[in-house]
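Below, each chain spelled out in residue letters.
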Amino acid sequence: MSVTHAPETAADVLRRQDPELAEILLGEADRQSTTLQLIAAENFSSPAVLAALGSPLANKYAEGYPGARHHGGCEIVDVAERIAVERAKALFGAEHANVQAHSGSSAVLAAYAALLRPGDTVLALGLPYGGHLTHGSPANFSGRWFDFVGYGVDAETGLIDYDQVRTLARTHRPKAIVCGSIAYPRHIDYASFREVADEVGAYLIADAAHPIGLVAGGAAPNPVPYADVVCATTHKVLRGPRGGMILCGADLAERVDRAVFPFTQGGAQMHTIAAKAVAFGEAATPAFTAYAHQVVANARMLAERLATEGLVVTTGGTDTHLVTADPAPLGVDGRTARGRLAAAGMVLDCCALPHADVRGLRFGTAAVTTQGMGEAEMVRIAVLFAQVLRGEVESQKAREEVRELVGGFPPYPG
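So, how was this worked out
Per chain, the residues get numbers from 1 upward, laid out in the order the sequence is written. Note on the predicted model: pLDDT of at least 70 is required for a residue's local features to be given, and 80 or more for side-chain atom pairs to be given and counted; whole-chain, interface and lining totals, by contrast, use all residues. In computing side-chain values, all of the structure's heavy atoms are included and hydrogens and water are not. The way it works is that DSSP assigns letters per residue, a run of H or I at least four long becomes a helix, a run of E at least two long becomes a strand, and they are numbered from the N terminus. With a 1.4 Å probe rolled over the protein chains alone, any residue whose accessible area is under 20% of its type maximum counts as buried; one over 50% counts as exposed, and the rest are partly exposed. For each structure, a 1 Å grid was placed over the protein atoms alone; sets of points admitting a 1.4 Å probe that cannot get out are labelled cavities, open sets with protein on both sides within 12 Å along at least five of seven lines are labelled pockets, and lining residues have an atom within 4 Å of a point. Grid points are joined across faces, edges and corners, and a volume is the space filled by probe spheres set on the points. Three categories are distinguished: nonpolar for Ala, Val, Leu, Ile, Met, Phe, Trp, Tyr, Cys and Pro, charged for Asp, Glu, Lys and Arg, and polar for the others, with Gly belonging to the last.

Trainee: What's the story with unusual backbone geometry in this structure? I'm lost.
Mentor: Trans is the prevailing form of peptide bonds, just as negative phi is the prevailing case for residues other than glycine. For the bond from Phe261 to Pro262, the omega torsion is 15 degrees, close enough to zero to count as cis. Within the secondary structure, Pro262 is located in helix H10 (residues 253-264). The phi angle at Lys236 is positive, at roughly 50 degrees, despite the residue not being glycine. Relative to the helices and strands, Lys236 is located in the loop between strand S9 (229-233) and strand S10 (244-248). Exposure remark for Lys236: the relative accessible area of 8% places this residue in the buried category. At Thr315, a position not held by glycine, the phi torsion is positive, near 60 degrees. Relative to the helices and strands, Thr315 is located in the loop between strand S11 (312-313) and strand S12 (322-326). Accessibility expressed as a relative area gives 16% for Thr315, which makes it buried.

Take a look at the structure:
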């Protein structure tokens, strides 16, 4: 009688060949499945996306673009990239999509390379108000190569001061205006930015790294009809692989493509591009639309309950997947709060608070929503959060409660 053995999985191979690394991967999987993932820039990719990332396409060198590669044997990966491009164009209503950017920062670098020259003036959200490193940080290429002028937010409302944007644009006559943020919880008025850009003859670059997944699901305004170039990531709410993309009109397609390759990058990561195609396909479904709206509903409930528990929520709430708040009323600063919450199994970020010298906290609901959590769980999380910071619950007991909560919502069931 013959005995049939189950086929060896990739995990089995890694355990046998490199047990040290296998333990690290297993440890990270355990961390993700036993703690609360509330970092606004993170999510859980689908098994199909992970399968594409671990595919033989990782072996293929593919400098250039479909039909014009610098290496042979690209006929199959060319099809994968064309699918990714067409799905991205259809999903966001863009005339052109470049899916080769390795990250959101790489996408922004390429956008600047396509439209600007070193020394040009650029108007962007100042870093103290939620601007990204690529929006003029002196530690980043953007701050070293370009002359950035920062606009801010209203001191009382925390909302972008569009009058200030117009005044600064008229004064400095920038070559480009950037709209986008890593910590702004409200929708951006792209039409107003377009109006200002047209008035001063500037390019409009939308850095939509955070809201692009909500755009795909119809839960946030689409910057594509307004911006000359849209830069984005494919992870975060979009729930794809870690990477970037650029959307633009047909008039800028060649300039954008040349700015990605050969100017700022070498060979495309074809396994990642295939995974992006999978994510774009998933994002075009009714299930993803429902998911995107639930992400926002969860964020709004989290913001509401955090305010009830005594935190000062920036702008008084949120329109998106992220919430920023000051925990000072609970007697703790942002950095200390982040450490206490990490000890309790609640993983989140610090962020700058507008018009303040202290750090606040940034929450994101994309990952927990992927796990299937809803508004009831957001209330539970906010209450536990406040109890930990007020010292009403010890870290170990809170961690046990977190483990029990996430145990009912495994990121990868089975």
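Once the structure has been displayed, the description carries forward.
Trainee: Would you take a moment to explain empty space enclosed by the protein for this structure?
Mentor: A water-sized probe, rolled over the atoms, reveals where empty space remains. Applying the stated criterion across every chain yields a total of three cavities of 30 Å³ or more. In this structure, the largest cavity is lined by 18 residues; those nearest its centre are Tyr184, Arg186, Ile188, Pro211 and Thr320. Taken together, the residues of the lining of the largest cavity break down into 10 nonpolar, six polar and two charged. The calculated volume of the second largest cavity comes to roughly 70 Å³. If you go around the second largest cavity, the residues you meet are Tyr129, Gly130, Val153, Gly158, Ala183, Tyr184, Pro185, Thr314, Thr324, Ala352, Leu353 and Pro354. Residues that form the lining of the second largest cavity fall into these classes: eight nonpolar, four polar and no charged.

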